[in-house]
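So the chains spell out like this:
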Amino acid sequence: MSTGLIIAIFLVILIATAIGFGVRTVPQGEEWLVERFGKYERTLQPGLSVIIPFMDLVSYKVVTKDILLDINRQEVITRDNAVISTNAIAFIKVIDAPTAIYGVVDFSEAVRNLVQTSLRSILGEMDLDAALSSREQIKAKLRDMLAPDVQSWGLNLKSVEIQDIQPSETMQISMEQQAAAERDRKAVITRAEGAKQAAILQADGRLESAKRDAEAEVTLADASKRAIKMIQETTADSQLPLQFLLGQRYVDAIDKIGSTENSKIVLLPADLHESIRGILGKSSQTVVPMHSEAPKHSEDKNDHQG
């Protein structure tokens, strides 16, 4: 093999190697940082690029798409000394690749630590109830605290989401007991209110019943009054209306007692014989004058005979 051919083959190999090391194809969504003799030279954008072989070196390949960072779970003590456990996720985007690479050792780890410390600081200033129910406020405070530092690293903090906030196991037990006590308290109040309303309704019912009974008594009294007046107008005996009223009440009472299903007693007036005697007495009084006059006439006749 001649010397010229060897040189030609060597040149071809050298050119092919130079092309292989000098031509770079950067995919979409990435930026490559080129260093020349250890110093930052330029950034290769997506597409075909050419660098100087053996002088330029692609040192870093930076992803310019949105990056999801999972923030590890941590325990935080709130202002009212309650222990809660929380974790989060952060969405960042590299907007300045050289600053993101040369401004901080590991921007992903830096953002994780920054979110953890900021979240611990925010929750430490809140009470337990506020921490469990104010996720939007926590997110807003996190963005305000993280934005300046993240921008100084050539990053854009797109969003920070609180995944979960849970009290510790002991706190959960205490909260469950507190909730149970609160439910019992509300149940007792509800039952007391129900009993109160029932008592009020019963009292109103008794009052209305008493009013109706009183009105009925007045109505009956007026009826009795008119009945007595009518009897007085039809008879000359002043005692007869009173006797009639008492007798009517007595008969009504006996009829009410005798109408019950378990009634086995027959009530008779205690002064039945007096009543019969009175009736008979009245009848004899009407007959006696007729018998008393006969002896008187016989005496007169004897006088005349004598």
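Each remark here, short or long, concerns the structure printed above.
Throughout what follows, the structure given in this document is the object of discussion. Just so it is clear, the model here is predicted, and its values are computed rather than measured. Every chain is numbered on its own, with residues counted from 1 as its sequence reads. Residues qualify for local features only when their pLDDT is at least 70, as the model is predicted, and side-chain atom pairs are given and counted only at 80 or more; totals for whole chains, interfaces and linings, by contrast, use all residues. Side-chain numbers come from the whole structure's heavy atoms, not from hydrogens or water.

**Topic: the nonpolar core**
Residues grouped as a nonpolar core are buried Ala, Val, Leu, Ile, Met, Phe, Trp, Tyr and Cys residues, joined through side-chain atoms within 4.5 Å. Only protein chains enter the accessibility calculation, which uses a 1.4 Å probe; a residue is then buried when its area is under 20% of its type maximum, exposed when over 50%, and partly exposed in between. One finds F107, I138 and L155 to be the most contacted residues of the largest nonpolar core, which totals 37 residues. Put simply, the parts of the chain that give this core at least two residues each are strand 6 (67-77), strand 7 (83-94), helix 2 (97-102), helix 3 (107-124), helix 4 (128-133), helix 5 (135-152) and strand 8 (155-167). Contact between two residues is taken to exist if any of their heavy atoms lie within 4.5 Å; hydrogens are not considered. Beyond its immediate sequence surroundings of up to four residues, I138 is in contact with L119, I122, L123, M126, A131, I162 and I165. Membership of the second largest hydrophobic core comes to 6 residues, among which are V26, W32, L44 and V58. Secondary structure elements follow DSSP: runs of H or I of four or more residues count as helices, runs of E of two or more count as strands, with numbering from the N terminus.

**A closer look at the environment of T43**
Locating T43 in the fold gives a position in strand 3 (residues 39-44). Given the relative accessible area of 19%, T43 is considered buried. C-alpha of T43 to C-alpha of Y60: the two residues are 17 residues apart in sequence and 9.6 Å apart in space. Excluding anything up to four places from it in sequence, T43 contacts E31, W32, L33 and P98.

**Topic: the pattern of salt bridges**
For this analysis, a salt bridge means a side-chain nitrogen from Lys or Arg found within 4 Å of a carboxyl oxygen belonging to Asp or Glu. Under the definition given, this model contains 11 salt bridges. Residues R36 and D56 are paired through a salt bridge, measuring 2.5 Å at the closest nitrogen-oxygen approach. Note that R36 is positioned in strand 2 (residues 30-36) and D56 in strand 5 (residues 56-63), a separation of 20 residues in sequence. The partly exposed category is assigned to R36, whose relative accessible area is 25%. Across the pair R135 and D164 runs a salt bridge, and its minimum N-O distance is 3.9 Å.

**Observations concerning the sheet that holds strand 8**
Any two strands with at least two DSSP-identified bridges between them are counted as paired. Taken in spatial order, the 3 strands make up an open sheet running 6-7-8, and their pairing is antiparallel. Each end of this open sheet is capped by a strand with a single partner; those strands are strand 6 and strand 8. Adjacent strand axes in the sheet meet at a mean angle of 20° when their direction is disregarded. Relative to strand 7, strand 6 is paired through 9 bridges, and the arrangement is antiparallel. Its bridge partner being in strand 7, L68 is matched across the sheet by F91. Together, strand 6, strand 7 and strand 8 form the strand contacts of helix 3, whose direction differs from that of strand 6 by roughly 35°. Note on definitions: angles span 0 to 180 degrees between N-to-C directions of axes, and those axes are lines fitted to C-alpha atoms, for helices only across the stretch in contact.

**A look at the sheet that holds strand 3**
Here 3 strands make up an open sheet; going across it, the order is 3-2-5 and the pairing antiparallel. Looking along the sheet, the strands with just one partner apiece sit at the ends: strand 3 and strand 5. For this sheet, the mean inter-axis angle between neighbouring strands, taken without regard to orientation, is 30°. Here strand 2 pairs with strand 3 via 5 bridges, running antiparallel.

**Quick notes on the packing of aromatic side chains**
For Phe, Tyr and Trp, where Trp contributes only its six-membered ring, two rings pair if their centres lie within 6.5 Å, and the inter-plane angle classes them as stacked under 30 degrees, edge-to-face over 60, or tilted in between. Applying the stated rule across the entire model yields 2 aromatic pairs. Judged by centre distance (5.9 Å) and plane angle (90°), the rings of Y60 and Y102 are edge-to-face. Placement of the pair is Y60 in strand 5 and Y102 in helix 2, with a sequence separation of 42 residues. A residue is classified by how much of its surface remains accessible, and Y60, at 36% relative accessible area, is partly exposed. Residue classification places Y102 among the partly exposed positions, given a relative accessible area of 40%. Each member of the aromatic cluster is reached from another via a ring pair, and the members are Y40, Y60 and Y102.

**Examining the packing of helix 3 against helix 5**
Two elements in contact, helix 3 and helix 5, have axes whose closest approach is 10 Å; the angle formed by their N-to-C orientations is 140°. Comparing the axis directions of helix 3 and helix 5 gives the class oblique. Seen along the crossing, helix 3 lies across helix 5 with a hand that is right-handed. Here helix 3 contributes L114, V115, S118, L119, I122 and L123 to the contact with helix 5, which in turn contributes I138, K141, L142, M145, L146, D149 and V150. Side-chain classes follow a simple rule in which Ala, Val, Leu, Ile, Met, Phe, Trp, Tyr, Cys and Pro form the nonpolar group, Asp, Glu, Lys and Arg form the charged group, and the remainder, Gly included, forms the polar group. For the contact of helix 3 with helix 5, the per-class residue count stands at 10 nonpolar, 1 polar and 2 charged. Angle categories: roughly parallel below 35 degrees, roughly antiparallel above 145, roughly perpendicular from 65 to 115, and oblique for all the rest. Helix crossings get a hand from a simple test, with the near helix turned counterclockwise from the far one by less than a right angle marking a left-handed crossing and a clockwise turn marking a right-handed one.

**What to know about a nonpolar patch on the surface**
Nonpolar side chains collect at one region of the surface, where I7, F10, L11, L14, I15, I19, F21, V23, L48, V50 and F54 lie side by side and expose about 1,100 Å² of accessible area between them. At the level of secondary structure, the elements contributing two or more residues to the nonpolar patch comprise helix 1 (3-22) and strand 4 (47-50). Considering every element that reaches the nonpolar patch, the biggest residue donor is helix 1, with 7 residues. Inspection of the secondary structure puts F21 in helix 1. Assessed through its relative accessible area of 44%, F21 is described here as partly exposed. Candidate patch residues must exceed 30% relative accessible area and have no salt bridge, after which like charges are joined if within 9 Å and Val, Leu, Ile, Met, Phe, Trp or Tyr side chains if within 5 Å. For accessible areas, the Shrake-Rupley method is used with a probe of radius 1.4 Å. Any residue's cover is judged against the shown protein chains and nothing else.

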